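Chain and residue survey
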Amino acid sequence: LWSMDVVLIRPRESQAPFAAICTAALFALPNVRNVQPGVPPIGAAADVWGFFLNMTLIAVADIAFLFKIMYQYVHKPAAKKN
């Protein structure tokens, strides 16, 4: 939700650490899921609605941040040689 606020609702400058947070969460979420006690095996109906939906939302947020960072980048022209 916060990432969509930064990218779409109230656009403001995005920086690489924002995308890094989403990417870290994307890679950390499966490990966090695996250490929880009593989780169903991968592929259970609850797993599809909970885990995979969260992974998809985090991936979409990360891609939105990366496109926002690329879009806001302005290439500075090279200095003219005399």
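Scroll up to find the structure.
First things first, this report covers the structure right here in the doc. (Residues numbered from 1 in each chain as written. Predicted model: local features only at pLDDT ≥ 70, side-chain atom pairs only at ≥ 80, totals over all residues. Heavy atoms only, no water.)

Take the packing of aromatic side chains next. Counted by the stated rule, this structure contains one aromatic pair. The ring of Phe51 carries the charged tip of Arg33 above its face, separated from the ring centre by 5.5 Å. (Phe/Tyr/Trp six-rings, centres within 6.5 Å; stacked < 30°, edge-to-face > 60°. Lys NZ or Arg CZ within 6 Å of the ring centre and 35° of its normal.)

Relative to the helices and strands, Phe51 is located in helix H3 (residues 45–72). Residue class for Phe51 comes out buried when judged on its relative accessible area of 12%. Note: C-alpha distance between Phe51 and Leu29 (22 residues apart in sequence) is 8.4 Å. Those residues in contact with Phe51, other than ones at most four positions away along the chain, are Leu29, Pro30, Arg33 and Ala46. (Helix = DSSP H or I, 4+ residues; strand = E, 2+ residues; numbered from the N terminus. Buried < 20%, exposed > 50% of the residue type's maximum accessible area, 1.4 Å probe, protein only. Contact = heavy atoms within 4.5 Å.)

With 20 residues, helix H2 (residues 16–35) should cover 28 Å at 1.5 Å per step; its first-to-last C-alpha distance of 29 Å lies within 8% of that length. Residue Ala28 marks the point of greatest curvature in H2, where the axis turns by about 35°; the proline Pro30 follows within four residues. The complete set of buried residues in H2 reads Ala19, Cys22, Leu26 and Arg33. (Expected span 1.5 Å × (residues − 1). Bend = angle between axes of the 7 residues up to and from the residue.)

What follows is about the environment of Pro30. Along the chain, Pro30 falls in helix H2. Classification of Pro30 as partly exposed rests on a relative accessible area of 25%. Separated by 21 residues in sequence, Pro30 and Phe51 have C-alpha atoms that sit 8.2 Å apart. With residues up to four places along the chain from it excluded, the contact list for Pro30 reads Phe51 and Met55.

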